Amino acid sequence: MDKLLIEGGVPLTGEIGVSGAKNATLPILTAALLTGEPLTVSNVPHLRDVTTMLNLLAQMGVTVSMDEKLGVELAASDIADPVASYELVKTMRASVLVLGPLVARCGEARVSLPGGCAIGLRPVDQHLKGLQAMGAEVSIEHGYISVRAKRLRGANICMDLVTVTGTENLMMAATLAAGTTRIENAAREPEVVDLADCLNAMGARVRGAGSDVITIEGVERLRGASYHVMPDRIETGTFLAAAAATGGSIRLTGARPDILDSVLEKLREAGAVIETGRDWIALKTHGALNAVNVRTSPYPAFPTDMQAQFMALNSVARGTALVTETIFENRFMHAQELKRLGADIEVEGNTAVVKGVQHLDGATVMATDLRASASLVLAGLIARGITTVERVYHLDRGYERIEEKLSRLGARIRRVR
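Bear in mind the structure is a predicted one, so any value in this text is a computation, not a measurement.

Within the fold, L195 resides in helix α7 (residues 190–201). Taking relative accessible area as the criterion, L195 reaches 0% and is therefore assigned buried. As for L195 and V206, which are separated by eleven residues in sequence, their C-alpha atoms are 9.9 Å apart. The contact partners of L195, leaving out residues within four places of it in the chain, are P27, I28, A31, E168, M171 and M172.

Following this line, the structure appears as structure tokens:
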């Protein structure tokens, strides 16, 4: 099993490009199920989760072809098997995103229940409630969700809680429904907007994406299109946090500063100097960082996917920080691993109290999920001596060639088996 060996203490300096957003790519790939014409998607990151999704679509009968420029062409002229098996869903919960498109296009879908995962339960009841409101028949048997509908009907859907994948699933389903669908308390994330833009390029009529009310006027059919995926705001934030924590100076190209306000604000509060342009972000630091409190909430507030990285940053900052997690109930598993490196962290319910220390020391640590693994890499870049991060397959789910990019910024990092 692969590990990362990191020799810390080197400030990150230089320039790198930002990859396409995983959390935008996955739903956009499933949108190919809505049309029999080819959908070409560019700026696709080469990640484990993307490969899993492409394998799932191929199993259903979608023809998948890739080019050398991070582009994928998907042709779903014939969906032979509208089923998402447990073997694939268990490795990536985003597989549930095929549910809405399959029901809308094929009139049926059978998808394995996702179950729990390391960072807590993420139920799909909001997805099913919305599909039922649109006239679908839903049953759960032998660990699978079965959904049937001759043709979905437009409906008013009020989500009980904000859910990104739930919003995306229902938005895709509604594109081919008869009539108009209104989704209230919708997720506002930029990735939802990116999906809506792709659907509209395919001939859908989606309005209001980026607000908490999305309106979809159903159409008879969608067409093929070409679409360029947005940059990954979490990868962007992770590299900025790593540069700040190591006392470095970096410039990220192909970035979107307009969708990262909450993270940039916290980095500035910590003492980093940040400049931005339309598609770039530059960061540098002067001296030690100040501890910053963070509280996760749905977009546009501070993202849960950046919580772990800021815990690592706070572990060597001046003062004490409170890190409060409101999205997932079990997303502090990295705290114990950071303590192995010498961090002073106490978890009290959904809040971690982080007292900055003079330095961290290298040790062997184990990643428990995608963003936890990023925080441990960040901590290894700060720590004195050698840090070994085990189970880095978590990292490969969401960060494209991370050791290569960090090496280009001067980090002493390598992958070993």
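A few words on the layout of surface pockets. In this structure, the second largest pocket encloses a volume near 270 Å³. Lining the second largest pocket are 19 residues; nearest its centre among them are A245, A288, L289, V316 and Q358. For the lining of the second largest pocket, the secondary-structure elements that each account for two or more residues are α8 (233–245) and α12 (370–382). Counted by class, the lining of the second largest pocket contains twelve nonpolar, six polar and one charged residues.

Moving on, we get to empty space enclosed by the protein. Inspection of every chain in the model, using the stated rule, returns three cavities of 30 Å³ or more. Looking at the largest cavity, the residues that line it are T238, F239, A242, A374, V377, L378, L381, I402 and L406. For the lining of the largest cavity, the element with the most residues is α12, which contributes four residues. Taken together, the residues of the lining of the largest cavity sort by class into eight nonpolar, one polar and no charged.

At the junction of Y299 and P300, the peptide bond is cis and its omega measures out at 15° in the coordinates. Topologically, P300 is positioned in the loop between β18 (294–295) and α10 (307–314). At R391, a residue that is not glycine, the phi angle is positive and equals roughly 60°. With respect to the helices and strands, the residue R391 is situated in the loop between β23 (386–390) and α13 (393–396).

Another aspect to go through is the sheet that holds strand β6 (residues 83–84). Spatially, β6-β7-β9-β8 is the arrangement adopted by the four strands of the open sheet, whose pairing is mixed. Since the sheet does not close on itself, it has two edges, and those belong to β6 and β8 (137–141), each with one partner. In the sheet, β6 pairs with strand β7 (residues 108–112) via two bridges, with the strands oriented parallel. What sits directly across from A84, in β7, is V111. On top of the sheet, helix α4 (residues 99–106) reaches β7 and β9 (144–148); it is set at about 160° to β7, its chief contact.

The rules behind these values
- Residues numbered from 1 in each chain as written.
- Predicted model: local features only at pLDDT ≥ 70, side-chain atom pairs only at ≥ 80, totals over all residues.
- Heavy atoms only, no water.
- Helix = DSSP H or I, 4+ residues; strand = E, 2+ residues; numbered from the N terminus.
- Buried < 20%, exposed > 50% of the residue type's maximum accessible area, 1.4 Å probe, protein only.
- Contact = heavy atoms within 4.5 Å.
- 1 Å grid on protein atoms, 1.4 Å probe; cavity = no way out; pocket = protein on both sides within 12 Å on 5 of 7 lines; lining within 4 Å.
- Points joined across faces, edges and corners; volume = space filled by probe spheres on them.
- Nonpolar A, V, L, I, M, F, W, Y, C, P; charged D, E, K, R; others polar.
- Pairing = 2+ DSSP bridges.
- Axes fitted to C-alpha atoms, helices over the stretch in contact; angles between N-to-C directions.

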